Each structure stands twice: as C-alpha cells, then as structure tokens.
Amino acid sequence: MASSSLRNYFLFKAIQGEPMKSLIAVLPQVAQWRQARLPQGLSVTEIKRLLNAFDRSTATGKRDYAITRCMVDLGLRRTEVAHLQLDDVDWRAGTLYVHAKGKRIDVLPLPDATGRAIADYLRAGRPQTSRRELFVRHRPPHHAPAGMDIVRNAVRNAAARCGLERRIRGTHILRHTVACRMVQGGVPFKDIADLLRHRNLDTTTIYAKVDLPALARVAMPWPGRLI
C-alpha cells in the first residue's frame, strides 16, 4: 500500500516536470496474485443476528427483510434484487426469474423462507401501486422502484443495528456467504456456479479455499523445521 501510494505520488510529480524516473525505478513491485484473497463469509450466528435485526411489524421492515432474504438465501446481486418484478415470482412452480448480467434471465428455485418473506411483504407491506417492480419505495418519491441504494442500505442499516457494521460493509459478503456455505456442505462447484450464475467455472473455484476439511485431506505433511 505504501509503495503504491509513493509510486502514484512520484508519477504525479513527474507529470509536473520534476525528475522522478530514478525514484520510481527503485520502488519495489508488489505482486498482485490472481485469487490471492480468501473469500469472507458470515457465520450462521452472524446471519441469524442480521435477519433478527429487522422490525417485521412495519412495512419497511417487511420489505427490507424480504430484500435481505433474497441475498442470504439465493446469493442475488443487489442490482438483481432491485430489478425483480412481480411477474418474476412463479408461486405455482416455486421459482424466481432473475434478470442477470448481459440481459440473461435465469430461473432459480424459490426457497420456502424467501417465498414467505416476499409473500408477507406483498400482503401486508407493499403499498397499493401500479408499479410492477417487486420492491418499491415507502418514502418520497412514493411508489418509485426501490433502487440499488435502498437494497444496500437495507442490509447496512440492519448490520448497524445488530453490531455487524464492521463485518458487513456492503451486500457482496452475503453472496460470498451463500457460496461458502454450499462449498462446506459438499455441493459440487458446477451447482454453485449455476446458482451464482457465473459464466466461467474458474470464478467459482476461488471458494475451494474455504473448504478447510477438504484442503486438509490433500495437504502434504509439513517437512519439519528447516536447518
């Protein structure tokens, strides 16, 4: 981080005409390995704390709880949640149509808990409106679609209420949590990739790092102390 900051500063000074070539040359290059970071997921206890942080006696609480369940149960991106339509829920088939990247429409199974949260919002929380978006605003401008900011704030505000604001800074950690939970449950990577709608299976394989029991079975014995 320090090396990168210095490099940017020296480049800025070089643009201004100062001789910085030799200083830039001596700065060490920091390797940026692909998939070097470990995906961060929430524990079962943290997920329970988050879901219990919603006041489901209010219309806004019902909406935000249903929004969060879509991400906790299905790993939806916030843009996908914001774009859900009333017609995307097939109650008879128990499926959900998701408008994914590249104008794709994927069909996912609708978990019981997610369906009940959505149904509760539609019956007792969603305002009477002609809008076809599943989630709408409850404050001015009334009945406008609930955009990505509302989806993000639904999660962030709940995290702040239950003391998880340092762990949950955005919504993507919920998507990571779904993947980590499936990996640790022994679900094949192809099935995980299908649920998360990854175009390339390599994107999913990063989650192999979180399956510690499986890694322990293939790890070589430590050779001992070096002399």
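Note that this is a predicted model, so its numbers are computed, not measured.

**Considerations on the overall build of the chain**
Argument step 1. Of the regular secondary structure elements, the chain holds 11 helices and 3 strands.
Argument step 2. The secondary structure elements of the chain, listed N-terminal to C-terminal, are α-α-α-α-α-β-β-β-α-α-α-α-α-α.
Argument step 3. Out of the 227 residues belonging to the chain, those deemed buried represent 40%.
Argument step 4. Only carbon and sulfur atoms are counted for the fraction: they give 55% of the accessible area of the chain, which is about 14,300 Å².

**Here's the deal with a nonpolar patch on the surface**
Argument step 1. A cluster of nonpolar residues, Tyr97, Ile105 and Val107, forms a patch on the protein surface that exposes about 260 Å² of accessible area.
Argument step 2. Among the structural elements, Ile105 can be located in strand β3 (residues 105-109).

**A short note on the nonpolar core**
Argument step 1. Core analysis: the largest hydrophobic core is formed by 48 residues, its most contacted members being Leu76, Val81, Leu96, Phe135, Ile168 and Leu174.
Argument step 2. Looking at this core, the elements that each hand over two or more residues are α3 (44-51), α4 (59-74), α5 (78-82), β2 (95-99), α6 (112-124), α7 (148-161), α8 (172-184) and α9 (189-196).
Argument step 3. Of all the elements, α4 adds the most residues to this core, at 7 residues.
Argument step 4. With residues up to four places along the chain from it excluded, the contact list for Leu174 reads Leu42, Ile47, Leu50, Thr68, Met71, Val72 and Val155.

**Focus: the pattern of salt bridges**
Argument step 1. For the structure shown, the criterion picks out 13 salt bridges.
Argument step 2. For Asp112, the salt bridge goes to Arg116, with nearest N and O atoms at 2.7 Å. Placement of the pair is Asp112 and Arg116 together in helix α6, with a separation of 4 residues, close to one helical turn.
Argument step 3. Linking Asp149 and Arg152 is a salt bridge whose minimum nitrogen-to-oxygen distance equals 3.3 Å. One end of the pair, Asp149, and the other, Arg152, are both in helix α7, 3 residues apart, so they sit about a helical turn from each other.
Argument step 4. In this structure Asp149 comes out as partly exposed when scored by relative accessible area, which is 45%.

Conventions adopted
Residues numbered from 1 in each chain as written. Predicted model: local features only at pLDDT ≥ 70, side-chain atom pairs only at ≥ 80, totals over all residues. Heavy atoms only, no water. Helix = DSSP H or I, 4+ residues; strand = E, 2+ residues; numbered from the N terminus. Buried < 20%, exposed > 50% of the residue type's maximum accessible area, 1.4 Å probe, protein only. Areas by Shrake-Rupley, 256 points an atom, 1.4 Å probe, with all protein chains shown as cover. Patch = residues over 30% accessible without salt bridge, like charges linked within 9 Å, V, L, I, M, F, W, Y side chains within 5 Å. Salt bridge = Lys/Arg side-chain N within 4 Å of Asp/Glu carboxyl O. Core = buried A, V, L, I, M, F, W, Y, C linked by side-chain atoms within 4.5 Å. Contact = heavy atoms within 4.5 Å.

Geometry only, nothing functional implied.
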